[in-house]
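Okay, here's what each chain looks like letter by letter:
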Amino acid sequence: MAVYCPALDLKAITPATPVLDEKTDFDGYSPNNFHDKYYGWTTMRRAVADSMNTAAVKVLNSIGVSAAINYLNKNGIKTSEQDRNLSIALGSFYNGVSLQELLAGYLTLANSGVYKSVGFVDEISLNGKVLYKKNTENGARVFRTESAYLMTDMLKTVADSGTAKVLSDIGFDVAGKTGTAGVKSGNTDALFCGYDTRNTYLFWLGAESSDPLGSEITGNVSARMAKSFLEGAYTTPPSNFTRPADIVEKKLDKKTFSEKHALAVAGVDCKQNEAFTELFEIDNCPAVVAETPENDLPPEIKMVSQRTHVSSMSVR
C-alpha cells in the first residue's frame, strides 16, 4: 500500500523495471533482507514476490514518503508525523497498523482500486425480510484500475512462485502477500493477506503479548493456513482476474536487461529463451527495440528507457 502500488499508479515503475537489490545505506537507515540474502539486479515483480526489503525502500525513496503517506491515508491507514521516514516501506509505523486497516487496504486492490470499509456480513434476513444489507455501491477511488490490476498480477506471482508459493496449486487466481514482524529475540507476528475475485482475507498468527513465536514462524506459515481454508471455502472456484483493455503484454530482451539493466522490446529474430514477457500500461511501456544503436534513438524513446529504469536513486 505504501510502495509498489503508489509507484505503479504514478507510472514511476512497471512490473519489469530493473532494480538493484543490494545492501544499501539510506543516510543512516540500512534495511536488511531476510537472512541477509540479496538478489542483485532483478525486476519489480520478483522484488515483490521474494520480499526484497532493500528494493522496496529504494522504490519508496524514489517516489517520496509524502506521496506514500497520501495513498496510505486514502486507504484508511492512519499515520503520524513520526511515520515520515523510509521504514514505512517495510510496515514500520509509530502507532502500528491494525489487521482491519491492512485488510481494507487489500480490499481496495480487490475492488480495482476503490476503497470501501471492511465488512464481514453481507446480509441479515429474518422470515424472508432483509434486516441489514451491506452497502456495496459507495467507495472512493485510490488507485487507477490499471495500476490496481498490475499490482494484483504482481501479487499473483507471490502465490505462484514467491513467498506464498504453497498456494500455487490452489486451482484459481489468488493475489496476496506474506509478512513477518518481530523483535531481536524472534518473530512475533506472521501474516498472509490476500484476495480472489470473490473475497478478501487475512490470516494472522501471533500472540497478545510481544513474546516471540520462534524464528521458524514466518508469513509462509500463514500462507499455509490460507491454503487450508481456501481448499474448502468454495463449492465452485472463483473466476480468474480480468485484464483491463489498457494493459498489454510485451516480449522483452533478456540480454539488454542482464547486461544494460534496461528494458528493450525483443527483436523479431529473438529466440524464446532469450526473451521474457511482462505486462504494461499501454502508455507506459518500453518502445526501444533491442540492439538499436543509441545514436539512432529518438529523444522520446530515450526518455521512456530512462523512466523504466530504477537503478540508482538519490537519498532524500
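Worth saying up front: this structure is predicted, and the values here are computed from it rather than measured. (Residues numbered from 1 in each chain as written. Predicted model: local features only at pLDDT ≥ 70, side-chain atom pairs only at ≥ 80, totals over all residues. Heavy atoms only, no water.)

1. Observations regarding the packing of aromatic side chains
Threshold: Here a pair means two rings of Phe, Tyr or Trp (six-membered ring of Trp) with centres within 6.5 Å. Their orientation is stacked below 30 degrees between planes, edge-to-face above 60, and tilted elsewhere. What counts as a helix is a DSSP run of H or I of at least four residues, what counts as a strand is a run of E of at least two, and both are numbered from the N terminus. Here the term buried applies to any residue with accessible area under 20% of the maximum for its type, exposed to any over 50%, and partly exposed to those in between, with areas from a 1.4 Å probe on protein chains only.
One pass over the full model with this rule turns up six aromatic pairs. Between Phe172 and Tyr234 the ring centres are 5.7 Å apart and the planes differ by 80°, which places this aromatic pair in the edge-to-face class. A residue pair is termed long-range when its members are at least 10 positions apart, and Phe172 in the loop between helix H6 (145-161) and strand E7 (175-183) and Tyr234 in the loop between helix H7 (219-230) and strand E10 (247-253) qualify at 62 residues. Phe172 gets classed as buried once you look at its relative accessible area, which sits at 10%. Ring geometry for Tyr195 against Phe241: centres 5.8 Å apart, planes inclined by 70°, an arrangement best described as edge-to-face. A residue pair is termed long-range when its members are at least 10 positions apart, and Tyr195 in strand E8 (residues 186-195) and Phe241 in the loop between H7 and E10 qualify at 46 residues. There is no split in this pair, since Tyr195 and Phe241 are both buried.

2. What to know about helix H3 (residues 53-63)
Put simply, the rule reads: Note on contacts: a residue pair is in contact if any heavy atoms of the two residues lie within 4.5 Å.
Of all the 11 residues making up H3, nine are buried; the element is thus mostly covered by neighbouring parts of the structure. In this structure, the buried residues of H3 make contact with helix H1 (4-9), strand E1 (18-21), helix H2 (44-49) and helix H4 (65-74). Two residues or fewer past H3, Gly64 is found with a positive phi of approximately 95°.

3. Description of the sheet that holds strand E9 (residues 200-206)
The criterion, for reference: Paired strands are those between which DSSP finds at least two bridges. Helix axes use the C-alpha atoms of the stretch in contact, all axes being lines fitted to C-alpha atoms, and the angles between their N-to-C directions lie in the range 0 to 180 degrees.
In space, the three strands of this open sheet follow the order E7-E8-E9, with antiparallel pairing throughout. Two strands close off the open sheet at either side, each with one partner strand: E7 and E9. Each strand axis lies, on average, 10° off the axis of its neighbour in the sheet, ignoring direction. The pairing of E8 with E9 spans seven bridges and is classified as antiparallel. For Ala190, the partnering residue across the bridge sits in E9 and is Leu205. Along the sheet face, H6 touches E7 and E8 and points at about 65° away from the line of E7.

4. Notes on the layout of surface pockets
Spelled out, the test is: The definitions used throughout rest on a 1 Å grid laid over the protein atoms alone, on which a cavity is an enclosed set of points accommodating a 1.4 Å probe that cannot get out and a pocket is an open set flanked by protein within 12 Å on both sides along at least five of seven lines; lining residues are those having an atom within 4 Å of a point. Grid points are joined across faces, edges and corners, and a volume is the space filled by probe spheres set on the points.
Considering only enclosed or pocket space, the second largest pocket measures out at about 830 Å³ in volume. Lining the second largest pocket are 32 residues, with Leu107, Ala110, Asn111, Arg198 and Thr200 positioned closest to its centre. Where the lining of the second largest pocket is concerned, the elements lending two or more residues are helix H5 (99-110), H6 and E9.

5. Side note on a nonpolar patch on the surface
How we decide: Patches here are clusters of residues that have more than 30% relative accessible area and form no salt bridge, with a 9 Å joining cutoff for like charges and a 5 Å cutoff for nonpolar side chains (Val, Leu, Ile, Met, Phe, Trp, Tyr). Values of accessible area rely on a 1.4 Å probe in the Shrake-Rupley scheme; residue burial ignores everything except the protein chains shown. We define a salt bridge as a contact between a side-chain nitrogen of Lys or Arg and a carboxyl oxygen of Asp or Glu at a distance within 4 Å.
There is a patch of nonpolar side chains on the surface, built from Phe120, Val121, Ile124, Leu126, Leu131 and Tyr132 and spanning about 610 Å² of accessible area. Elements represented by at least two residues in the nonpolar patch include exactly strand E4 (123-126) and strand E5 (129-133). The residue Tyr132 is located in strand E5 in this model. Look at Tyr132 and you get partly exposed, because its relative accessible area is 38%.

6. Observations regarding H7
Our working rule: Take the residue count of a helix, subtract one, and multiply by 1.5 Å to get its expected span.
For H7, built from 12 residues, the straight-helix expectation of 16 Å at 1.5 Å per residue is met to within 8% by its first-to-last C-alpha distance of 16 Å. Where H7 is concerned, the buried positions are Gly219, Val221, Ser222, Ala223, Ala226, Lys227 and Leu230. Elements in contact with the buried residues of H7: E7, E8 and E9.

7. Some points on the nonpolar core
As a reminder of what qualifies: Here, nonpolar core refers to any group of buried Ala, Val, Leu, Ile, Met, Phe, Trp, Tyr and Cys residues whose side-chain atoms link them within 4.5 Å.
Formed by 63 residues in total, the largest nonpolar core has its most connected members in Tyr4, Leu60, Leu109, Met151, Leu155 and Phe192. With eight residues, H6 is the largest single contributor of residues to this core. The residues contacting Tyr4, other than those within four sequence positions of it, are Ile13, Met44, Ala47, Val48, Met52, Ala55, Ala56, Val59 and Met151. Within the second largest apolar cluster, six residues are counted, among which are Leu252, Phe257, Phe280 and Cys285.

8. Points about the pattern of salt bridges
Per the stated rule, a full pass over the model turns up 12 salt bridges. We note a salt bridge from Asp153 to Arg45, for which the minimum N-O separation is 2.8 Å. Placement of Asp153 in helix H6 and of Arg45 in helix H2 is noted, with a sequence separation of 108 residues between them. One exposure class covers both Asp153 and Arg45, and it is buried. Residues Asp50 and Arg46 are paired through a salt bridge, measuring 3.2 Å at the closest nitrogen-oxygen approach. Assessed through its relative accessible area of 21%, Asp50 is described here as partly exposed. With relative accessibility at 26%, the residue Arg46 sits in the partly exposed group. A cluster of three or more residues bridged by salt bridges with shared partners is formed by Arg45, Asp153, Lys156, Asp173 and Glu278.

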